[in-house]
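For reference, the chains in residue letters:
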Amino acid sequence: MRLRNITGSREAIAGSPYVVPEALMCQCPGRWREMFGNGNPIHIEIGMGKGKFIHTMAKGHPHINYVGIEKYSSVLIRAVHKMEAEELPNLKFLRMDAEDIGKVFGAGEVDRIYLNFSDPWPKDRHAKRRLPSRQFLARFRVILKPGSRLEFKTDNRELFDFALEELSPAGWAADEVTYDLHSDPRLMEGNVMTEYEEKFSCLGNPICKYISRPGQ
Ligand code: SAM
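Definitions and limits used
Residues numbered from 1 in each chain as written. Predicted model: local features only at pLDDT ≥ 70, side-chain atom pairs only at ≥ 80, totals over all residues. Heavy atoms only, no water. Near = heavy atom within 4 Å. Polar contact = N/O pair within 3.5 Å; in protein donor to acceptor, adjacent residues only side chain to side chain. Areas by Shrake-Rupley, 256 points an atom, 1.4 Å probe, with all protein chains shown as cover. Nonpolar A, V, L, I, M, F, W, Y, C, P; charged D, E, K, R; others polar. Helix = DSSP H or I, 4+ residues; strand = E, 2+ residues; numbered from the N terminus. Buried < 20%, exposed > 50% of the residue type's maximum accessible area, 1.4 Å probe, protein only. Contact = heavy atoms within 4.5 Å. Core = buried A, V, L, I, M, F, W, Y, C linked by side-chain atoms within 4.5 Å.

**Student:** Can you explain the site of the ligand? Please cite residues and give values.
**Tutor:** Neighbouring the ligand are 19 residues; G47, E70, A98, N116 and T194 lie closest to it. Between E45 and the ligand, the recorded distance is 3.4 Å, taken from a side-chain N or O atom to a nitrogen atom. A distance of 3.4 Å is found between an oxygen atom of the ligand and a backbone nitrogen or oxygen belonging to E195. Coverage of the ligand by the protein amounts to 97% of the 600 Å² it exposes when considered alone. Split by residue class, the shell around the ligand holds 9 nonpolar, 4 polar and 6 charged.

Right, here's the structure in full:
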């Protein structure tokens, strides 16, 4: 995502009631249900960008709690503005690098993970920074409730092929794989388009998707 520094975004994020304060993050593991005030399932989107997907999901599924994770304040601020325009009690944000995901969720605390149009990091030496890499899958395995799933979408075929190849060595299995999501009525059921998905599908790029679970 091209980043434009938005003056004051860091301060606005720090003061937003929708973003978990950095100082409190270490207290989050094992306490998300308490933070939401109910025992509903927790679904997270990692690298949520401006938040269209997770805001729409949270609005459409009030009995699921959503946590959107984004590394950059200048991007997260857009999602915060969406919440200011339409507040949802079942959505919270974290501004953090997902490398530290194990410091904010306890073991088995998360019921679903979404990765949408993750940054490709095209250089081989940066492969471990890719969110669907085996290094991240190892982190996701810990926080996911046993039997729960990860959903990954992208229009980047190289990244998708890499992501599929990472599953088996990490001990994950793909339940569903499509190389053209928008032509698959079954997998399209309930699909919510992300900002990137709208942009790239309009250009005619097919969207790839897998649904995967860690093995026991
Ligand atoms: N998911 C959105 C969509 O589909 O429209 C945004 C896609 S954008 C290409 C990827 C986003 O992931 C960027 O906003 C980037 O800052 C964020 N991101 C990349 N690596 C991350 C990490 N390690 N932790 C948190 N966010 C990350």
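**Student:** Help me get a handle on the environment of R4, residues and values and all.
**Tutor:** Within the secondary structure layout, R4 lies in the segment before α1 (9–14). When its relative accessible area of 56% is taken as the criterion, R4 is described as exposed. Along the sequence, R4 and S74 sit 70 residues apart, while their C-alpha atoms lie 6.9 Å from each other. For R4, the contacting residues outside a window of four places in its chain are S74 and R78.

**Student:** Account for the nonpolar core, with residues named and values stated.
**Tutor:** Formed by 37 residues in total, the largest nonpolar core has its most connected members in I44, I46, L94, F105 and I113. Listed by contribution, the elements that provide at least two residues to this core are α2 (32–36), β1 (42–46), β2 (65–70), β4 (110–116), α5 (134–143), β5 (144–154), α6 (157–167) and β7 (208–214). In terms of residues, this core owes the most to one element, α6, which gives 5 residues. Aside from chain neighbours lying at most four places away, what touches I46 is I69, A98, I101, I113, Y114, L115, L131 and F140. Y18, L76, A79 and F93 belong to the second largest nonpolar core, which has 20 residues in total.

Remember that the coordinates give geometry; whether it matters functionally is a separate question.
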